[in-house]
Amino acid sequence: MNDKRDWLRKLPSVDRLLSRDRVQNLIKQYSRQLVVEAIRADLESARRGLLAEQQLDISESAVLDRITHDLRRDFQPSLRPVINATGVVIHTNLGRAPLSEAAQAAMSAVAGRYNTLEYDLEVGERGSRLVHAAELLRALTGAEDAIALNNNAAALILILSALASDREVIISRGQLVEIGGGFRIPAIMQESGATLVEVGTTNRTRIEDYEAAANEQTAMLLRVHASNFRQLGFVEQPPLSKLVACARQHGILAVDDLGSGTLIDTRKFGLAYEPTIQDSISAGFDLVCFSGDKLLGGPQAGIIVGKAALIARLKRHPLARALRVDKLTYAALIATLQHYLRDEALQQVPIWRMIARQLDEIEACAERWAAQIGGKVVDGRSTVGGGSLPGTDLPTRLLAIAVASPARFSAGLRQADPPVIARVSKSHVLLDPRTVLPEQEADLLRVLSGLAIDEEQRKDRNHEV
């Protein structure tokens, strides 16, 4: 017992620790109250440990190290920037599309100042936030008007609530998809008050199926593009032109939910064809909705483009206010759309810059990393991700690092500052240069070098991945 008391007497006091310069600096960062609480918590934990005969470092420097670590941990925001070295371009778990520098600057400009969110400078009176980005969307898509909401699920539920409540909506059974987070198209339709009418089969739906289902209770024909999965083999869906013609013949609306939505033809990058927004408008759909933070490469948003009279009805619906976007989203969306209008999206929008990145450039980057930190360069595949272009990918070159414990090494990457998210294959950790932003490369190499992998822990670098 005397030994325990001797150890307890060696614990530094709160007052003594508070007198140290290091603690005074912590007080400037976090406040006196929080630092005192952290000190008391650590000393109490140390007392309990000593009484339980645990081996503890109770020196001043050790206590200060622990409270500094605890304060940093407690004040580290859960939403943090990371380095995406997975090769998944639109990574849903990592925030989907990173914004262009212009979009970031636009957000910063309106965030710190008053702005014209709902003010008309020409007339000097209150205006509508719903006009922002509309002109750009009209110019880029050929639609008569547009509205932006907080995501594509919101866009679809507004369309159904405003235009099909208590009426029927025809949809192919092969398009009853589940989007991210477990949200299902049938559930969204039910919440809107619309009645779901399924036609066709899981794999084959013909235009005759739509025509047979249309009646006086039908409000619209809804096509939902399967942007997050692919059907192969014995499958059939009517072309866009026939769907629109069917809707016209029966006097009902034709609505196209594109999901990801793209303004650029994906085939030029060796990817599968993804229907463009312009295609749907040209085909004659009354309304087309799509996401802002997927293949558009902008902020999270649900965008609806189409006939002016219908957009006007959507704007007047009570849900439009509940689902509207804020000034920061508008600022980023406008800046992103301007890249397309200036024909500079491939150079300025990060996801398109990644998709369009040449293989020799990726290989040179991977070789540069290997020369600095070790490992070997191997063939690999990048994916678009984000529920876009399922089943298609892009050739890439990966840095493969052989380690004794890939799980432990990956955990070390995730705990770094900034965290690095990589892939694991057997005994290797894989890093894809395609999705590492140029301004993050120095941090990535610093983190990798800082892990100081012992050569003894590495397997033969020539080991086949």
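For the structure, see preceding data.
Residues numbered from 1 in each chain as written. Predicted model: local features only at pLDDT ≥ 70, side-chain atom pairs only at ≥ 80, totals over all residues. Heavy atoms only, no water.

## Considerations on the sheet that holds strand β11 (residues 376-385)
Note the cut-off: Pairing between strands is defined by DSSP: at least two bridges between them are needed. A helix here means a DSSP run of H or I that spans at least four residues, while a strand means a run of E at least two residues long, and both kinds are numbered starting from the N terminus. Note on method: axes are straight lines fitted to C-alpha atoms, helices fitted across the in-contact stretch only, with angles between N-to-C directions ranging 0 to 180 degrees. The contact criterion used is simple: two residues touch if any of their non-hydrogen atoms lie within 4.5 Å.
Strand order in the open sheet formed by four strands is β11-β12-β15-β14, and the pairing between neighbours is antiparallel. A single partner strand is all that each edge strand has here, and the edge strands are β11 and β14 (423-425). Direction aside, neighbouring strands of the sheet carry axes that sit 40 degrees apart on average. On the sheet, helix α19 (residues 406-414) packs against β14 and β15 (428-431) and is oriented at approximately 40 degrees with respect to β15.

## Focus: the sheet that holds strand β9 (residues 287-291)
Sheet architecture is open: seven strands sit in the order β4-β10-β9-β8-β7-β5-β6, paired in mixed fashion. Where the open sheet ends on each side, the last strands, each with one partner, are β4 (145-149) and β6 (195-199). Neighbour-to-neighbour, the strand axes of this sheet turn through a mean angle of 20 degrees, independent of strand direction. In this sheet, strand β7 (residues 218-224) lies alongside strand β5 (residues 168-172) in parallel orientation, the contact comprising three bridges. Residue I170 lies in a different strand from β7, and its bridge partner there is L221. Sheet strands touched by helix α11 (residues 240-250): β7 and β8 (253-259). Its angle to β7, the strand with the most contacts, is close to 170 degrees.

## Describing the side chain of H91
Mapped onto the fold, H91 is located in the loop between β1 (83-84) and α6 (101-111). Setting aside anything within four residues of it in sequence, one finds H91 in contact with N84, T86 and R96.

## Things to note about the pairing of β4
Just so we agree on the cut-off: Burial here depends on accessible area, computed with a 1.4 Å probe over protein chains only, as a share of the maximum for the residue type. Under 20% is buried, over 50% is exposed, and the range in between is partly exposed.
Burial of β4 is extensive: five of the five residues sit out of reach of the surface. Burial of β4 is two-sided: the residues D145, I147 and L149 facing one way and the residues A146 and A148 facing the other way are all buried. Sheet topology note: the β4/strand β10 (residues 302-306) ladder contains five bridges and is antiparallel. Paired with A148 across the strands is I303, a residue of β10.

## Considering the nonpolar core
Put simply, the rule is: Only buried residues count toward a nonpolar core. Its members are Ala, Val, Leu, Ile, Met, Phe, Trp, Tyr and Cys residues joined through side-chain atoms within 4.5 Å.
I304 and V305 are the most contacted members of the largest nonpolar core, which totals 89 residues. Per-element accounting of this core gives the leading share, eight residues, to helix α8 (residues 152-163). Once residues lying within four places of it in the same chain are set aside, the contact partners of I304 are D145, A146, I147, L149, A155, I159, L287, V288, C289, I311 and L314. Core analysis: the second largest hydrophobic core is formed by 22 residues, V403, L431, L444 and L445 among them.

## Here's the deal with the pairing of β11
When you tally the buried positions in β11, you get seven out of ten residues, the bulk of the element. Where β11 meets strand β12 (residues 388-402), nine bridges bridge the pair, whose relative direction is antiparallel. Along β12, the bridge assignment pairs V378 with L398. Hairpin remark: β11 followed by β12, antiparallel, with two residues in the connecting loop; positive phi at G386, about 65 degrees.

## What about the pattern of salt bridges?
Inclusion rule: A pair is scored as a salt bridge if a Lys or Arg side-chain nitrogen falls within 4 Å of a carboxyl oxygen belonging to Asp or Glu.
Scanning the entire structure with this criterion turns up 29 salt bridges. We note a salt bridge from E60 to R20, for which the minimum N-O separation is 2.8 Å. Taken together, the residues span a long stretch of sequence, with E60 in helix α5 (residues 60-74) and R20 in the loop between α2 (14-18) and α3 (21-30) at a distance of 40 residues. Given the relative accessible area of 30%, R20 is considered partly exposed. For the salt bridge of R267 with D265, the shortest nitrogen-to-oxygen distance reads 2.9 Å. Through salt bridges with shared partners, one network takes in E118, R126, R129 and R324.

## Comments concerning the side chain of N84
Rule in force here: As used in this structure description, the phrase polar contact means that two N or O atoms lie within 3.5 Å; if the pair is within protein, one of them must be able to donate a hydrogen and the other to accept it, and residues adjacent in sequence are counted only when both atoms belong to side chains.
Here N84 lies in strand β1. One polar contact links N84 to T86, side chain to side chain, over a distance of 2.6 Å. Separated by 2.9 Å, the side chain of N84 and the backbone oxygen of V88 make a polar contact. Dropping the residues within four chain positions of it, N84 is found in contact with V89, H91, L94, I421, T435 and V436.

## A few points about the packing of α8 against helix α9 (residues 185-192)
Note the cut-off: Convention used here: angles under 35 degrees read as roughly parallel, angles over 145 as roughly antiparallel, angles from 65 to 115 as roughly perpendicular, and any remaining angle as oblique. Left-handed describes a crossing whose near helix is turned anticlockwise from the far helix by less than a right angle; the clockwise case is right-handed. All residues other than Ala, Val, Leu, Ile, Met, Phe, Trp, Tyr, Cys, Pro, Asp, Glu, Lys and Arg, Gly among them, are scored as polar; the first ten of these are nonpolar and the last four charged.
Closest axis-to-axis distance for the α8/α9 pair is 8 Å, and the angle between their directions is 45 degrees. It follows from the interaxial angle that α8 and α9 lie oblique. Where α8 crosses over α9, the two elements pack in a sense that is right-handed. Residue-level contacts link A153, L156, I157, L160 and S161 of α8 to I185, I188, M189, E191 and S192 of α9. Looking at side-chain class alone, the contact of α8 with α9 contains seven nonpolar, two polar and one charged residues.

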